[in-house]
Each structure stands twice: as C-alpha cells, then as structure tokens.
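In case you want the letters, here they are:
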Amino acid sequence: MAENISADQAIAILMADDEDDVDTDSDMRSIDEYSEDDMSSDYADSDHSITSSDDTDVGPAVVMRGRPVPRGRGPRMRGGRGRAVGRGRNASPVGSPRRGRAPRRVPRGAAARRGAAARRGGGHHVWTDVAEDPPDFIFSEIPGLKIQMPDDASPFDFFELFITPPIIDMMVTEMNKYAISEINKNRPLTRSSRMHAWYNTNAVEMKKFLALMIQLGPNNKPTLEHYWSSNVLYKNTLFGGVMSRNRFQLMLRFWHFVDNEAHHDDRLYKIRPLVDHFNDTMKNIYYPTKKLCLDESMVLWRGRLLFRQYIKNKRHKYGVKFYELCESRGMIIKIAIYTGAGFIEDNEGLGLTAAIVLELMKDYLDKGHVLYTDNYYNSVGLTKHLTQHSTYLCGTLRFDRTENPKDVINRKLKKGEIEWKRSESVVVCKWKDKRNVLTISNMHRVEMVDVTNRNGKIQNKPNIIGDYNMGMSGIDTSDQMLSYYSSLRKTLRWYKKIGLHIIEMCIINSHIMYKDKTGKNMSLLEFRDSLTVSLLGDAYTALQEKGDPLPPAPAGAAFHYLDVLPASEKKANRAKRCVVCANAQVRKETRYYCPVCPQRPSLCVVNCFKAYHE
C-alpha cells in the first residue's frame with residue numbers, strides 16, 4: 001500500500017512533471033525527508049484518496065514515480081485561488097508555498113534552457129580531449145590613420161581631428177542657450193549674483209576656456225579659486241592673464257552640450273553628442289591593430305546618479321562605468337556607458353555581457369581580429385559566435401557558466417597540473433597555480449610554455465594564460481595615461497565630468513597618433529602644453545610680451561620710498577589695491593608702490609606706507 005502524503009508534496013511532484021527541465025532530486029526535498037508530522041498534519045483520512053473541502057470523494061490516487069498523486073477535480077495548480085490547506089488563520093491556498101518556506105522560482109525561457117544545459121553537463125556542446133589546430137583567420141585590414149596628415153603636423157592638428165570647429169561651435173551655441181535659460185529661471189537675481197555679468201561667448205573664448213581646463217591637471221591646486229590667487233605660494237600668471245576668475249566660473253557653470261528643452265528618453269542625452277562624436281570619429285579616421293581588448297573603466301562619481309556603479313577592485317570604486325574597446329598600447333577605439341539594465345539589446349540571445357562585446361566589436365567582426373576579455377564577458381556561446389565571424393577570443397572564464405564542460409570543472413588538480421576539453425574550435429582549460437584558473441580560447445592548441453614575469457622569474461604556464469596577460473593590458477594602460485595630469489575635479493553636475501573625461505580621451509588618442517605619424521617621442525605633458533599654447537593663440541603671445549610691468553628695484557637703495565605705478569597698455573593711470581588695506585579687509589586702491597621692497601607692494605600714502613615698513 002502506498003504512503004499517505006500531504007497536498008504540498010503532491011503538488012510539488014506534479015509541478016516537477018510539468019517542467020521537464022526541473023530536477024526534483026536536486027531542487028526539492030524527497031518524500032522520505034518529510035517527518036510523520038508533515039505527512040499527517042494536513043489530512044486525517046486513513047485511505048489513499050484526496051477529498052475536496054465538502055468531503056466528496058474525487059477518486060482514487062494515481063501512483064506516479066512511486067508516489068500517490070490525485071486525479072479528477074482537485075486543486076488548481078496555476079492561477080486562481082485554489083483550496084485552503086491547513087486549519088484556521090494559518091491556512092494557505094493550495095499551490096502557494098507553505099508557511100516559512102520560500103517559493104522556488106520556476107525557470108522559463110532562456111533561463112530554463114541554460115539551467116537544463118547545466119544539468120546535462122556542457123549544454124548541447126560535445127566535448128573531447130582530442131587536440132586540434134585552431135582555425136586560421138587572416139587579418140585583412142591595414143591598421144593606422146585612414147586620412148592623410150602632413151609629416152610636420154602639429155599636436156593641435158591631431159587634436160583638431162576630434163575637437164573640430166563644429167564641436168566648438170556646438171559648445172558655444174549650447175552654452176549661450178543654457179545661460180539664458182538659467183538666468184531667466186533664476187530671476188529675480190540676487191544683488192551679488194555673478195549672472196548679472198554674463199554675456200554671450202564665442203569660439204575664440206571657448207578655446208581659451210578649454211585651454212585653461214586642460215591646464216587644471218598639470219597645475220594642480222587645492223581649489224579653483226587658488227588658480228587666481230595673488231598669494232606668492234599659489235600665484236599663476238596664466239589663468240589671471242587669460243580670463244578673470246568670475247568669467248571662468250560662469251563659463252564652467254553654463255558649459256553644456258545639448259538643448260535641454262527637447263524631450264529625451266536617453267539617460268545620457270546630456271553628453272550623447274560627445275559620445276557619438278568620439279565613436280564616429282575613431283571609426284572614420286583610424287583602423288585599429290589586430291589585437292584588441294575589452295574591459296570596463298570607472299570615472300569617479302559619488303553623487304546621486306541613477307546608473308552609478310560599484311566595482312570593488314577598481315581604483316575608483318564608485319562612479320560611472322565605461323565599457324571600452326582598446327588596443328594593447330592604450331588607444332581607445334570605442335566606448336559605451338552603462339545606464340542601467342537593458343541599455344544594450346541582446347539580439348543574439350547570448351546574454352547582456354555578450355551583447356556588450358558584440359556591440360563594441362560590431363564594426364570589427366569578420367576581419368581576423370584577436371579579442372582579449374576577462375571572465376565577466378566570456379562564455380562558450382560567445383566564443384563560438386565570434387568563431388563564426390572569423391574573430392579570435394582569449395580570456396579567463398567563470399566556473400559557473402552553464403555551458404562549461406563539467407569534467408574540467410569537477411576535476412581536482414595539483415599545483416602545476418592542467419585539464420582541458422575541446423568543443424569544435426573552443427578550448428576550455430583549467431590550470432592550478434596558487435588557485436584554480438579557468439580559461440577559454442579559440443586560437444590555441446593547449447601547451448605549457450615558459451613565461452618570464454616582471455621580476456625575471458620563469459614559470460611554466462599554459463600558453464593561453466601567457467597570451468592573455470600580454471594582450472589584456474590595454475585598458476590598464478589607458479587608465480594609467482588618463483590618470484596623468486587629469487583635469488577632473490569635483491562638480492555637482494555629472495555630465496560635465498564625463499564630458500571632460502571624453503575630451504581627455506581625445507587627447508590620449510591624438511597623442512598616440514601624433515607619435516606614430518611623426519616618429520617624435522614627445523611626452524604627454526609636452527603634448528598637453530603644446531595644445532594649450534595653440535588653443536590660447538594670441539592670448540599666449542600677449543602674456544609672453546607683457547612681462548613684468550614693474551621696473552626692477554634701484555641698486556643699492558638705502559631707504560624706502562613711494563613711486564607712481566608705471567602705465568600699462570590699457571591704462572595710463574594704473575591703480576592697484578593697497579596691501580595693508582586688503583589685509584584689513586578694506587577695498588582701497590592706490591597709484592603708488594614701494595620699488596625697494598622685494599614684493600613691490602602697492603601702498604596708500606597716508607598711514608599704510610609707514611605701517612607696512614614698521
């Protein structure tokens with residue numbers, strides 16, 4: 001005679017039969033694991049039929065997999081309210097989980113297929129240990145610039161390939177438009193508001209603004225105001241000579257890239273013109289080398305932002321996440337910015353991470369490229385898909401990917417041992433060093449090779465790992481170069497920081513292109529300085545010619561005295577703030593200074609001259 005079971009147990013068995021991909025042995029408790037109290041608490045009947053709530057017999061039980069299962073008019077399995085199981089207020093509808101037990105999600109669609117593939121061990125792929133040579137894909141393109149540049153081209157000529165005159169004009173137009181909008185929105189303005197002094201900018205002033213933004217990095221100071229400080233500890237004649245502090249802060253306040261009045265569903269609409277311009281420019285003027293790498297990079301941002309991310313092993317753990325396709329030497333080929341789930345469509349059904357790879361590689365498939373990625377992106381399905389598009393892939397692999405060969409995953413290895421399996425052209429290799437390392441490739445025949453590390457130590461490793469370590473350095477090189485002389489500063493508006501970061505990407509790429517074309521080994525700092533001089537134009541020449549407006553102190557002067565400030569180009573009768581009055585927080589100007597003092601301070605005739613020298 002069959003055992004008496006509860007309704008919940010019968011329902012679980014029915015659901016397991018309905019879902020072919022669900023493994024009841026692993027995902028549900030067996031019937032033998034239930035106690036006698038579990039089996040008898042719901043029903044007090046001694047026979048093996050399940051009755052309805054009005055005690056009407058609905059027929060004998062049918063034995064399936066050795067367990068009695070009800071048939072006839074019973075509780076509904078899905079939908080509807082079902083019947084109550086249990087007694088009193090603790091009763092719950094049939095089909096719902098019992099009190100204290102969490103419901104188990106039934107996988108559907110792609111998740112169900114992946115789960116079924118995992119239980120079968122490697123999915124629909126046939127794995128073998130027969131060694132074969134990898135496919136032979138020919139790299140069919142010529143890397144380098146697609147446009148003609150003169151051999152004596154200047155750094156600014158290469159920078160202008162990215163920040164073109166139309167981009168400058170776009171910034172001018174949007175800045176003027178946004179300034180008017182903000183001023184009207186904040187009316188009536190306070191008496192001390194800087195917005196009273198706003199007037200429309202132009203392309204020449206915009207270039208000066210960008211030049212000063214570039215110089216924020218090499219001339220790093222505590223705050224923005226320190227760049228205009230007259231204190232000898234911080235004094236810098238460049239910033240004050242090019243633009244006043246208030247004017248620079250106004251332009252920074254209204255720096256904008258798009259019209260806010262248009263309706264936008266894109267979360268990146270405030271910087272979308274710059275992102276698209278960067279990707280289109282790189283596609284039109286440059287073709288990358290054979291070896292590429294793909295990884296994410298972070299731009300620090302700790303403020304409120306819907307798509308702010310956290311990556312614990314990055315230098316900046318919180319911020320905006322960039323997906324970047326790079327060359328191994330740091331040239332950034334294409335970027336995508338994460339804005340939330342579904343920001344890239346998974347048209348191939350391989351998952352979101354694979355969709356990111358295919359989106360960034362869209363223009364470079366079927367060309368024979370080698371792509372290096374880490375375990376966040378890699379899978380057997382993606383590798384086979386890239387093989388169909390004549391593209392190599394090499395990288396690390398997560399152990400929990402559903403299509404992995406189970407023989408490789410479950411094999412216990414000693415240090416230095418390897419285990420691998422092949423499915424068509426895809427090789428999955430496991431190597432034990434200090435810990436297990438799992439790799440995947442469609443470009444290798446697995447061999448152990450001697451690899452020399454940065455300390456000169458030789459170690460025997462699989463050739464997949466040696467090639468991966470060499471090819472995956474592009475993102476790190478790019479991040480390292482971007483960290484040098486970075487102009488990024490704390491701001492309340494995220495899009496300005498991202499916009500400046502994209503401009504610095506343009507500087508890095510133009511620097512690499514300049515060195516390739518001219519053969520000159522110009523440092524990044526010299527390159528940035530050259531860009532600053534070109535952007536300033538006549539303003540830089542005027543600063544050089546201006547020099548020190550005050551004559552040198554008389555040699556051998558025995559006593560201090562006052563003299564009249566010499567005339568400048570713009571003012572015949574110059575006046576400057578008195579340093580003694582300024583220290584007393586009194587704004588008072590004078591036409592006299594002491595030519596003997598090293599500081600040559602401006603001083604009032606009455607009281608201040610005596611007070612200063614005492």
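Procedures and definitions
Numbering of residues starts from 1 in every chain and runs along the sequence as written. Reporting in this predicted model follows two pLDDT cut-offs: at least 70 for local features of residues, and 80 or more for side-chain atom pairs to be given and counted; totals over whole chains, interfaces and linings ignore these cut-offs and use all residues. By convention in this description, side-chain values take in all heavy atoms of the structure and omit both hydrogens and water. Axis lines are fitted through C-alpha atoms, for helices just across the contact stretch, and the angle between N-to-C directions can take any value from 0 to 180 degrees. Think of it this way: any DSSP run of H or I at least four residues long counts as a helix, any run of E at least two long counts as a strand, and we number them from the N terminus. Our angle categories are set so that under 35 degrees counts as roughly parallel, over 145 as roughly antiparallel, 65 to 115 as roughly perpendicular, and the remainder as oblique. Any two residues whose heavy atoms approach within 4.5 Å are treated as being in contact. For every residue, the accessible area (1.4 Å probe, protein chains only) is compared with the maximum for its type, and the residue is labelled buried under 20%, exposed over 50%, or partly exposed between those bounds. Each pair of strands is called paired provided DSSP finds at least two bridges between the two strands. Under the pairing criterion, centres of Phe, Tyr and Trp rings, with the six-membered ring standing for Trp, must be within 6.5 Å; the plane angle then separates stacked pairs below 30 degrees from edge-to-face pairs above 60, leaving the rest tilted. Only buried residues count toward a nonpolar core, which is a set of Ala, Val, Leu, Ile, Met, Phe, Trp, Tyr and Cys residues joined through side-chain atoms within 4.5 Å. Exposure above 30% relative accessible area and no salt bridge define the residues that can form patches, which grow by joining like charges within 9 Å and nonpolar side chains of Val, Leu, Ile, Met, Phe, Trp and Tyr within 5 Å. Throughout, the Shrake-Rupley method with a 1.4 Å probe supplies accessible areas, and for residues the shown protein chains are the sole cover considered. By convention in these notes, a salt bridge is any Lys or Arg side-chain nitrogen within 4 Å of a carboxyl oxygen on Asp or Glu. The span you would expect from a helix comes to 1.5 Å times its residue count less one. Criterion for a disulfide: a pair of cysteine sulfur atoms at a distance within 2.5 Å. Along the chain, pLDDT gives the predictor's confidence residue by residue, from 0 to 100.

Asks: Summarise the packing of helix 16 (residues 494-518) against helix 17 (residues 524-536); cite the residues concerned and give the values.
Replies: At a minimum axis distance of 11 Å, the contact between helix 16 and helix 17 shows a crossing angle of 110°. Judged by the angle between their axes, helix 16 and helix 17 are roughly perpendicular. Seen from helix 16, the contacting residues are E504, I507, I508, S510, H511 and Y514; seen from helix 17, they are L524, F527, R528 and L531.

Asks: Quick one: what's the story with the pairing of strand 7 (residues 291-300), residue by residue and with numbers?
Replies: Side chains on a regular strand alternate between the two faces of the sheet. In terms of burial, strand 7 is a largely internal element, eight of the 10 residues being buried. Where strand 7 meets strand 11 (residues 370-373), three bridges bridge the pair, whose relative direction is parallel. Paired with C293 across the strands is Y372, a residue of strand 11. Pairing analysis gives nine bridges linking strand 7 to strand 9 (residues 318-327), with the strands arranged antiparallel. What sits directly across from S297, in strand 9, is F322.

Asks: Tell me about the packing of aromatic side chains, and please be specific about residues and values.
Replies: Scanning the entire structure with this criterion turns up 24 aromatic pairs. Considering the side-chain rings of W255 and F257, the 5.1 Å spacing of their centres and the 65° angle between planes classify their relative orientation as edge-to-face. Note on accessibility: W255 and F257 belong to one class, buried. When the ring of Y323 is compared with that of Y377, the centres are 6.3 Å apart and the planes differ by 75°; the resulting orientation is edge-to-face. Placement of Y323 in strand 9 and of Y377 in the loop between strand 11 and helix 12 (380-388) is noted, with a sequence separation of 54 residues between them. A network of ring pairs unites the aromatic residues F209, Y227, W228, F239, F248, W255 and F257 as a single cluster.

Asks: Hey, could you go over the nonpolar core for me, with residue numbers and the actual values?
Replies: Within the largest apolar cluster, 128 residues are counted, with the highest numbers of intra-cluster contacts made by M171 and W255. Looking at this core element by element, the count peaks at 13 residues for helix 16. Excluding its chain neighbours within four sequence positions, the residues that come into contact with M171 are M206, L210, W255, H256, F257, L274 and I503. Ranked by size, the runner-up nonpolar core spans five residues in total, among them C594, V596, C597 and L603.

Asks: Tell me about unusual backbone geometry, residues and numbers included.
Replies: Look at the link from R187 to P188: it is a cis peptide, with omega at 0°. The phi torsion at D366 lies on the positive side, around 60°, for a residue other than glycine. Its location among the elements puts D366 in the loop between helix 11 (352-360) and strand 11. Of the residues examined, D366 reaches a relative accessible area of 44% and is grouped as partly exposed.

Asks: How would you explain the pairing of strand 14 (residues 426-432) if you had to name every residue and give the values?
Replies: In terms of burial, strand 14 is a largely internal element, seven of the seven residues being buried. The two faces of strand 14 match: V426, V428, K430 and K432 on one face and V427, C429 and W431 on the other face are all buried. Here six bridges tie strand 13 (residues 418-423) to strand 14, and the two strands are oriented antiparallel to one another. Looking at strand 14, one finds that E419 is bridged to K430. What sits between strand 13 and strand 14 in their antiparallel hairpin is a turn of two residues, with E424 showing a positive phi close to 60°.

Asks: Tell me about a nonpolar patch on the surface, and name the residues and values.
Replies: Nonpolar side chains collect at one region of the surface, where V564, Y592, V605 and V606 lie side by side and expose about 340 Å² of accessible area between them. Mapped onto the elements, V564 comes out in strand 18 (residues 563-564). Given a relative accessible area of 37%, V564 falls into the partly exposed group.

Asks: So what about the pattern of salt bridges? Which residues, and what values?
Replies: This structure, assessed with the given rule, holds 17 salt bridges. A salt bridge links D363 to K283; its shortest N-O distance comes to 3.7 Å. Placement of the pair is D363 in the loop between helix 11 and strand 11 and K283 in helix 10 (residues 272-285), with a sequence separation of 80 residues. When its relative accessible area of 25% is taken as the criterion, D363 is described as partly exposed. With a relative accessible area of 40%, K283 lands in the partly exposed category. In this structure, E504 engages R528 in a salt bridge whose closest nitrogen and oxygen atoms are separated by 3.7 Å.

Asks: Before we move on, could you go through helix 17 and cite the residues and values that matter?
Replies: Because an α-helix completes one turn every 3.6 residues, residues spaced three or four positions apart along the sequence face the same direction. Helix length check: helix 17, at 13 residues, gives a terminal C-alpha distance of 18 Å against a target of 18 Å (1.5 Å per residue), a fit within 8%. One or two steps after helix 17, the chain reaches G537, where phi turns positive at roughly 60°.

Asks: Just give me the short version of the side chain of E182, but keep the residues and values in it.
Replies: Following the sequence through the fold, E182 ends up in helix 6 (residues 165-185). For E182, a relative accessible area of 6% corresponds to the buried category.

Asks: So what about the state of the cysteines? Which residues, and what values?
Replies: Under the definition given, this model contains zero disulfides. No disulfide involves C578; its sulfur sits 3.7 Å from the nearest other cysteine sulfur, which is in C608.

Asks: Account for helix 16, with residues named and values stated.
Replies: Look at helix 16: 36 Å from first C-alpha to last across 25 residues, which is about the 36 Å you get at 1.5 Å a residue. With respect to burial, helix 16 is a largely interior element, 21 of its 25 residues being buried. G519 lies just past helix 16 and shows a positive phi near 75°.

Asks: For the confidence of the model for the protein chain, give the residues involved together with the corresponding values.
Replies: Averaged over every residue, the pLDDT of the protein chain is 80; the share at 70 or more is 78%. Low pLDDT, under 50, characterises residues 113-122; the predicted model gives this stretch 18 contacts beyond four residues in sequence or across chains.

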